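Structural overview for review
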Amino acid sequence: MYLLNVNTQQLEDIHEQRPYAILSHVWGAGERDYFQKIGTKNVHMEPGYEKVEMCCGLAQQDGLDYVWIDNCCADANARGTQSEARISAYAWFQQAQVCYAYLDDVDGDEDPREKFSRFRGSRWFKRSWTLQELLAPKHVFFFAKDWTMIGTKADLVEIISKVADIHKDALEYPERIPCFSIATRMSWAKGRTSTKEEDKVYALMGLFGVNLPVVYGEGKTRTFLKLQTEIMKITDDQSIFAWHSAADAAESDASGILASTYECFAKCGDVQKIPYDQWSEYCAEHFRPKNLASPQLDVDPSCSRLQATLPVRQRGVGLDVLLACARGPAVWNGSEYIADLKKGGPICIRLQQSYRGYERAHESCLETVAVNDFRKFSLQDIHLCTSRSSPDLGNAPAYLEWLVNRFIYIISHVVPYVPNRLRLFYDLFPFYQLWFMTNWFVLNVTTMPGGGWRRMWRKND
């Protein structure tokens, strides 16, 4: 880890723990990485370098010898260094003695408590990386564009909680952040922006205590599915399945039981988890049997499925499934934030069957089930499809790719209507074989030189 010495303004490679300050800021126009230029005589003329000098001055006033600044202490030209910075950023902010948050669009003479203050509308609050830079440090000092101190996180906690839509306890007690439900923490990320789409997901790694290989170019949806998969490996919190369809999510972005984007959790800030032991007793009382298995990944991850034992009821050709979470205010029980089942029942989601297992229905929303309706549910083992995949059609025209995807979608949803006697054929003739045949047909018939369809019709004539 490289730290900038505030006295010499030289970088030092530090391998032991030392007290340091850290800077959170929005990169301005013309700002770039200074790692290679630190220590040169012309570095002071670089755009935005005055922030480095001011940060060093503040650290000296606080009795600190080192600072960490992203555009100074991480080499943008070294891929490994950038990956380390993204993976370790949460820990670095968490271990800092103090974080200086520089808001370059806020005037120093305004009152941040005013209803329409520029502090409330600062673009700093809209950054994806701001989420961990705000939550991880215990002490955060806010500075205006003239480096006048606006206030501290502790002083402005009520305002920040409303502006960022984050639970006040998460701001006051950073050590309690892992105690909030998955859905609640996901909701804090809504509406945030970043230069690279994947960074919107990578900025959430520290919030959930997981690491992902930093890969750009695979898209936000695929990266977010990887994040959820890693989260499921370390927790039994079923609120990860309690999401709404995002308004801007296309049908092709559907991803089985998992959400395709964190925006699907935008309205789930009040979804609280039910502890495993309490949920087991709850199910033993209402559903039988006494043991309830939490969702776990299959041994063969290529199946893209989860096997779970959950309370379900038949609803048409789909299923209603109860999750170990409920809506309502978060209740601190001394070790985690949980739901109060006395004020509301568990959340129910609607599933539909596909060729890979059960997945969320497109029109599905979060419902609350009353105690009187529990008799309609029973514990069952079901396979949950974690993600959908599409066939690789190579260089086939776009309209044919759309046609094949629609064909696969229709077939996968027709299966639940097929009588049990005829479904034996479906079981003996796996869907991937049909997929392969369709792919071959598209590549070898519809795209053959001279117009495949016309040649076929001429032969029939």
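Preceding this paragraph is the structure being described.
Summarised in this report is the structure supplied together with it. (Residues numbered from 1 in each chain as written. Predicted model: local features only at pLDDT ≥ 70, side-chain atom pairs only at ≥ 80, totals over all residues. Heavy atoms only, no water.)

**Remarks on the overall build of the protein chain**
To keep it simple, the criterion reads: Note on conventions: DSSP H or I runs of at least 4 residues are helices, E runs of at least 2 residues are strands, and numbering of each starts at the N terminus. Burial here depends on accessible area, computed with a 1.4 Å probe over protein chains only, as a share of the maximum for the residue type. Under 20% is buried, over 50% is exposed, and the range in between is partly exposed. Note on contacts: a residue pair is in contact if any heavy atoms of the two residues lie within 4.5 Å. Surface accessibility in these figures is a Shrake-Rupley result with a 1.4 Å probe; residues are shielded only by whichever protein chains are displayed.
The secondary structure content of the protein chain amounts to 15 helices and 17 strands. When burial is assessed residue by residue, the protein chain has 50% of its 461 residues classed as buried. Considering only contacts in the protein chain between residues 6 or more positions apart, those separated by 24 or more positions represent 65%. As presented, the protein chain carries roughly 22,800 Å² of accessible surface, and 52% of it is formed by carbon and sulfur atoms.

**Topic: the pattern of salt bridges**
Two side chains of opposite charge can pair, provided their charged atoms sit close to one another. How we decide: Salt bridge, as used here, is a side-chain nitrogen of Lys or Arg placed within 4 Å of a carboxyl oxygen of Asp or Glu.
This structure, assessed with the given rule, holds 21 salt bridges. Where Glu 16 meets Arg 18, a salt bridge forms, and the shortest distance between an N and an O atom there is 2.6 Å. Glu 16 sits in the partly exposed class, given a relative accessible area of 44%. A relative accessible area of 29% means that Arg 18 is categorised as partly exposed. Measuring nitrogen to oxygen at the nearest pair gives 3.8 Å for the salt bridge that ties Lys 220 to Glu 197. Of this pair, Lys 220 sits in helix α10 (residues 220–232) while Glu 197 sits in the loop between α7 (182–187) and α8 (199–202), placing them 23 residues apart in sequence. Overall, Glu 197 belongs to the partly exposed group, its relative accessible area being 37%. Each member of the salt-bridge network shares a partner with another, and the members are Arg 313, Arg 315, Asp 320 and Glu 367.

**With respect to the packing of aromatic side chains**
Note the threshold: What counts as a ring pair is set by centres within 6.5 Å for rings of Phe, Tyr and Trp (its six-membered ring), and what kind of pair is set by the plane angle: stacked under 30 degrees, edge-to-face over 60, tilted for all other angles.
Overall, the coordinates contain 14 aromatic pairs when judged by the stated rule. Measuring from ring centre to ring centre gives 5.4 Å for Phe 119 and Phe 125, while their planes differ by 85°; the resulting arrangement is edge-to-face. Here Phe 119 matches Phe 125 in class, with each residue buried. For the ring pair Trp 332 and Tyr 337, a centre distance of 4.7 Å and an interplane angle of 45° mean the geometry is tilted.

**Section: helix α1 (residues 49–61)**
What counts here: Here the expected length of a helix is defined as 1.5 Å per residue gap, with one fewer gap than residues.
With 13 residues, α1 extends 19 Å between its outermost C-alpha atoms, agreeing within 8% with the 18 Å of an ideal straight helix rising 1.5 Å per residue. The complete set of buried residues in α1 reads Tyr 49, Lys 51, Val 52, Cys 55, Cys 56, Leu 58 and Ala 59. Taken together, the buried residues of α1 touch β1 (2–5), β3 (21–25), β4 (66–68), α2 (70–73), β5 (98–102) and β6 (140–143).

**A closer look at the nonpolar core**
Quick note on the threshold: In plain words, nonpolar cores are sets of buried Ala, Val, Leu, Ile, Met, Phe, Trp, Tyr and Cys residues tied together by side-chain atoms within 4.5 Å.
By size, the foremost hydrophobic cluster in this structure holds 111 residues, and its most contacted members are Phe 119, Phe 142, Met 186, Leu 204 and Leu 227. Ignoring sequence-local partners within four residues, the contact set of Leu 204 consists of Leu 131, Met 186, Ala 189, Phe 224, Leu 227 and Tyr 262. Trp 279, Leu 322, Ala 326 and Leu 341 belong to the second largest nonpolar core, which has 15 residues in total.

**Section: the sheet that holds β6**
We count it as follows: The criterion for strand pairing is that DSSP finds at least two bridges linking the strands in question. Convention adopted: a line fitted to C-alpha atoms gives each axis, helices being fitted over their contacting stretch, and angles between N-to-C directions are expressed from 0 to 180 degrees.
With mixed pairing, seven strands are arranged side by side in an open sheet as β2-β1-β4-β3-β5-β6-β7. Lying at the two open borders of the sheet, with one neighbouring strand each, are β2 (11–13) and β7 (149–152). The sheet shows a mean angle of 30° between the axes of neighbouring strands, direction not considered. Two elements, β1 and β4, share two bridges in a ladder whose sense is antiparallel. Its bridge partner lying in β4, Leu 4 is registered against Val 67.

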